[in-house]
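Residue-level structure breakdown
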Amino acid sequence: MDLLSNSTHERFIKQAIRLAEMGGGLEEIPVGAVVVKENNVIGRGYNQRESLKDPTAHAEMIAITAAANTIGDWRLTDCTLYVTKEPCPMCAGAIINSRLKMVIFGTYDEEKGCCGSLYQLCGDPRFGNNISVRGGIFEDKCKELLKAFFKTKRKE
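Attention in this report is confined to the structure presented alongside it. (Residues numbered from 1 in each chain as written. Predicted model: local features only at pLDDT ≥ 70, side-chain atom pairs only at ≥ 80, totals over all residues. Heavy atoms only, no water.)

**Observations concerning the pattern of salt bridges**
Inclusion rule: Salt bridges, as used here, are contacts in which a Lys or Arg side-chain nitrogen is within 4 Å of a carboxyl oxygen on Asp or Glu. Think of it in three bands: residues with accessible area under 20% of the maximum for their type are buried, residues over 50% are exposed, and the middle band is partly exposed, with areas taken using a 1.4 Å probe on protein chains only.
For the coordinates displayed, the defined rule picks out 5 salt bridges. With its nearest N and O atoms 3.1 Å apart, the salt bridge here joins Asp 73 to Arg 75. Residue class for Asp 73 comes out partly exposed when judged on its relative accessible area of 28%. Judged by relative accessible area, Arg 75 falls into the partly exposed class, the value being 36%. For the salt bridge of Arg 126 with Asp 124, the shortest nitrogen-to-oxygen distance reads 2.6 Å. The exposure class of Arg 126 is exposed, given its relative accessible area of 74%. A relative accessible area of 12% places Asp 124 in the buried class.

Pasting the structure below:
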């Protein structure tokens, strides 16, 4: 059961939205993520695939790596990931492997989402995890960031 309040989720999703906006301003797909432990942000990230020329440089991957470095452990068992878009298969795998306890995301991704839309990797008991997943927090704002970004790209 999710013991955190909606206002807590909204506060951290807003931080992820600000990171997504930063990434979008740098011509990256606007997705932002934060990892939270005991109500403190311990990892932040936004997409950096273009700038780093790295297909794995998704916001979630960067935030998870930063969080692990912050606490000095790859096991993020008492942490929650907040991300503006539903994680893809790669990021869902990293979420499972890092043992995050919860994922809260903004907009659903019907094409590549693996936390409920296309697949439910994070909640699949066959992986031996108990990751709580909740989507749709500030969904409209998160979806609009992506739509606006791709609208400008398609005009070029």
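**Remarks on the packing of aromatic side chains**
Convention followed: Only the six-membered ring of Trp is used, alongside the rings of Phe and Tyr, when aromatic pairs are assigned; centres must lie within 6.5 Å, and planes under 30 degrees apart are stacked while those over 60 apart are edge-to-face, with the rest tilted.
With the rule as written, the count across this model stands at 3 aromatic pairs. When the ring of Phe 149 is compared with that of Phe 150, the centres are 5.2 Å apart and the planes differ by 80°; the resulting orientation is edge-to-face. Among the residues examined, Phe 149 registers a relative accessible area of 10% and is labelled buried. Relative accessible area serves as the criterion here: at 28%, Phe 150 is assigned to the partly exposed category.

Just distances and angles here, no functional claims.
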